[in-house]
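Given next are the chains, with one letter for each unit.
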Amino acid sequence: MKNRICPTENLLSEYISGVLPFKTALLIERHLASCAKCRLLISETHSVAKQSDPLKALSLLRACICRNFCLIGAVFSLGASFIFHKYFMQFLIVTLLLGTKWITASKAVQTFITIYKTQKNENTHTKNNRPF
Amino acid sequence: MKNQIYVDFKSMKLYTISVMDIQTLLTECINRNQNAWASFVNIHNRLIAKSVNHKLNQLGLKFTKSERQDIVQEIFFRIWEKNRLKDIQNISCLENWLIIISLNITSNYCKEKTYRNARNTVSLDNAIHFNRKQNTLIKTLAADLFNTESSLNARELRVIMSQAISKLEHRQQLVLKFYFYNNKKYKEIAEIMRIPKGTVATLINRAQKNMKKILRKYI
């Protein structure tokens, strides 16, 4: 198999299912290392297959809960602060703490922080390189 | 006998079909039995719809529900028309084969309909879809448009990096590309390549060390 000729859909599906003989799988891997299109196809197939498996859907749900643990905790403690009036302030503080952690841990905020940092670095760099 | 689990979301029932049943269903479909084809469509409709949605989301295209349904029907039509089920040699690969076929057909469908071009001619004042409220396209592009030096440097760096990666052993290359270019986790790479997670980590570690050796003259 030449590296430039992409394998058929059948071969790719057999590779991802792990039923190909070792030598053919090696050839496919050699092709995948050089072909971005097939690599993307394999990667997408893997993620769709993972999502569509009903048994794996539960583990995905678990992962989602783990990812948003702080948000869920914040909502629960906010609710609890209204139920248990005696500990209103304590629950409110916990809500604030968990809420801030959730906000700072989110991807959007992290990208903003990295953008801010790079801009700050660029500014200092241009200031240092000024001729006058 | 190995069973496969299917969920019928209309009736919310979980049911299993033995591999033998799927094999007979497939042979009936190849022999152009319309009832068998109807049940085949019923079983795999959701999987194909999911693949179509995944591809459209990847391409950043927003299609209406009916348009998405059109693509799903197009996929089934093409499979039926050319009797492509004949190509399947191993029954256990059926689902993966269907996903690959639907991803390819969706991508071709988008190209044919020139949605890709429409996406490229978007107004600069439009909001970017992942951060709708604040960032417009012109604000984001501005940094790259007017900073030619850094963009040229980035391009040069990309060429150097790709040359360095091509010098690695092909398995290291593949693992490295899955990890950095396709944003796959160790576990996912291990699942795709059917190797232990530790081997993936070792391959990436070795690849990084080799890359350091190759790129030493630039550091």
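Residues numbered from 1 in each chain as written. Chains lettered and ligands numbered in written order. Predicted model: local features only at pLDDT ≥ 70, side-chain atom pairs only at ≥ 80, totals over all residues. Heavy atoms only, no water.

**Student:** What am I meant to see in the overall build of chain B here?
**Tutor:** Within chain B one finds 10 helices and 2 strands. Ordered by position in the sequence, the α and β elements of chain B form the string β-β-α-α-α-α-α-α-α-α-α-α. The proportion of buried residues among the 219 residues of chain B is 37%. (Helix = DSSP H or I, 4+ residues; strand = E, 2+ residues; numbered from the N terminus. Buried < 20%, exposed > 50% of the residue type's maximum accessible area, 1.4 Å probe, protein only.)

**Student:** What should I look at first to understand the confidence of the model for chain B in this one?
**Tutor:** Interpretation of this model should avoid reading the predicted coordinates in detail wherever pLDDT is low. Residues and elements named next belong to chain B. Looking at chain B as a whole, the pLDDT averages 80, with 74% of positions reaching at least 70. The least confident element of chain B is helix α5 (residues 115–120), whose mean pLDDT is 56; the most confident is helix α9 (residues 186–193), at 91. Here the predicted complex carries an ipTM of 0.74, next to a pTM of 0.65. (pLDDT = per-residue confidence, 0-100.)

**Student:** I tried to follow the interface of chain A and chain B on my own but got confused; where do I start?
**Tutor:** For interface size, the figure often reported is the accessible area lost on association. Listed as interface residues are 33 residues of chain A and, on the opposing side, 38 residues of chain B. Overall, the association of chain A and chain B removes approximately 3400 Å² of surface from exposure, summing both partners, and the carbon and sulfur fraction of that is 58%. Across the contact surface, chain A and chain B share 4 salt bridges. Across the pair B:Lys55 and A:Glu44 runs a salt bridge whose closest N-O atoms are separated by 3.2 Å. Taken together, chain A and chain B are joined by 12 residue pairs in polar contact (both at pLDDT 80 or more). If you list the elements that add at least two residues to the side of chain A that touches chain B, you get α1 (9–17), α2 (22–34), α3 (36–52) and α4 (54–67) of chain A. For the side of chain A that touches chain B, the leading source of residues is α3(A), giving 14 residues. The residue inventory of the side of chain A that touches chain B, partitioned by class, reads 15 nonpolar, 11 polar and 7 charged. (Contact = heavy atoms within 4.5 Å. Buried area = accessible area lost by both parts, 1.4 Å probe. Salt bridge = Lys/Arg side-chain N within 4 Å of Asp/Glu carboxyl O. Polar contact = N/O pair within 3.5 Å; in protein donor to acceptor, adjacent residues only side chain to side chain. Nonpolar A, V, L, I, M, F, W, Y, C, P; charged D, E, K, R; others polar.)

**Student:** For this particular structure, what's the right way to read the side chain of B:His54?
**Tutor:** Relative to the helices and strands, B:His54 is located in helix α2 (residues 34–59). B:His54 has contacts with A:Glu44, A:Ser47, A:Val48 and A:Gln51, leaving out every residue within four places of it along the chain.

**Student:** Any chance you could explain a positive patch on the surface here in plain terms?
**Tutor:** A surface patch of positive charge is lined by A:Arg67, A:Lys107, B:Lys185, B:Lys187 and B:Lys197. On the secondary structure map, B:Lys197 appears in helix α10 (residues 197–214). (Patch = residues over 30% accessible without salt bridge, like charges linked within 9 Å, V, L, I, M, F, W, Y side chains within 5 Å. Areas by Shrake-Rupley, 256 points an atom, 1.4 Å probe, with all protein chains shown as cover. Lys, Arg positive; Asp, Glu negative; His and termini not counted. Charge placed at Lys NZ, Arg CZ, Asp CG, Glu CD.)

**Student:** How do you make sense of the nonpolar core when you look at a structure like this?
**Tutor:** Nonpolar side chains tend toward joint burial in soluble globular proteins. In terms of nonpolar packing, the biggest core is built from 65 residues, with A:Tyr15, B:Phe40 and B:Leu85 touching the most fellow members. Here the element with the most residues in this core is helix α4 (residues 94–112) of chain B; it accounts for 10 residues. Dropping the residues within four chain positions of it, B:Phe40 is found in contact with B:Leu25, B:Leu26, B:Cys29, B:Phe76, B:Leu85, B:Leu94 and B:Leu98. (Core = buried A, V, L, I, M, F, W, Y, C linked by side-chain atoms within 4.5 Å.)

**Student:** Please explain the pattern of salt bridges as it appears in this structure.
**Tutor:** Pairing is possible between side chains that carry opposite charge, provided their charged atoms lie close to one another. Counted by the stated rule, this structure contains 6 salt bridges over all chains. For A:Glu29, the salt bridge is made with B:Arg171, and the minimal N-O distance between the two is 3.0 Å. On the criterion of chain membership, the pair formed by A:Glu29 in helix α2 and B:Arg171 in helix α8 (residues 170–180) is interchain, its members lying in two chains. Overall, the relative accessible area of 2% leaves A:Glu29 in the buried class. Between A:Lys50 and B:Glu188 there is a salt bridge; the shortest N-O distance is 3.7 Å. Taken together, the positions of A:Lys50 in helix α3 and B:Glu188 in helix α9 put the pair across two chains. Via salt bridges that share partners, B:Glu74, B:Arg78 and B:Glu112 belong to a single interconnected network.

**Student:** Which parts of the structure should I look at to understand the packing of aromatic side chains?
**Tutor:** Each aromatic ring pair is specified by the distance between its two centres and by the angle formed by the two planes. All names here are of chain B. With the rule as written, the count across this model stands at 7 aromatic pairs over all chains. When the centroid spacing of 5.3 Å and the interplanar angle of 20° are considered together, the rings of Trp37 and Phe40 count as stacked. Highlighted residues: Trp37 and Phe40, both in helix α2, separated by 3 residues, approximately one helical turn. On the accessibility criterion, Phe40 (0% relative accessible area) is buried. (Phe/Tyr/Trp six-rings, centres within 6.5 Å; stacked < 30°, edge-to-face > 60°.)

**Student:** What exactly am I supposed to notice about a nonpolar patch on the surface here?
**Tutor:** Residues and elements named next belong to chain A. On the surface, Leu61, Ile65, Ile72 and Phe76 cluster together to form a nonpolar patch covering roughly 400 Å² of accessible area. For the nonpolar patch, the secondary structure elements donating two or more residues are α4 and α5 (69–83). Overall, Ile65 belongs to the partly exposed group, its relative accessible area being 43%.

**Student:** Would you mind showing me how to read the packing of α1(A) against α4(B) here?
**Tutor:** Axis separation between α1(A) and α4(B) bottoms out at 8 Å; the angle between their running directions is 130°. One element, α1(A), and the other, α4(B), form an angle in the oblique class. For the pair α1(A) and α4(B), the sense of crossing is right-handed. Taken together, the residues of α4(B) that come into contact with α1(A) (itself represented by A:Glu9, A:Asn10, A:Leu12, A:Ser13, A:Ile16 and A:Ser17) are B:Asn96, B:Trp97, B:Ile100, B:Ile101 and B:Asn104. The residue inventory of the contact of α1(A) with α4(B), partitioned by class, reads 5 nonpolar, 5 polar and 1 charged. (Axes fitted to C-alpha atoms, helices over the stretch in contact; angles between N-to-C directions. Parallel < 35°, antiparallel > 145°, perpendicular 65-115°, else oblique. Left-handed = near helix turned anticlockwise from the far one by under 90°.)

**Student:** Teacher, can you tell me more about the environment of B:Leu176 here?
**Tutor:** Residue and element names in this part refer to chain B. By secondary structure assignment, the location of Leu176 is in helix α8. In this structure Leu176 comes out as buried when scored by relative accessible area, which is 5%. C-alpha separation for the pair Leu176 and Leu203, spaced 27 residues apart in sequence, amounts to 8.1 Å.

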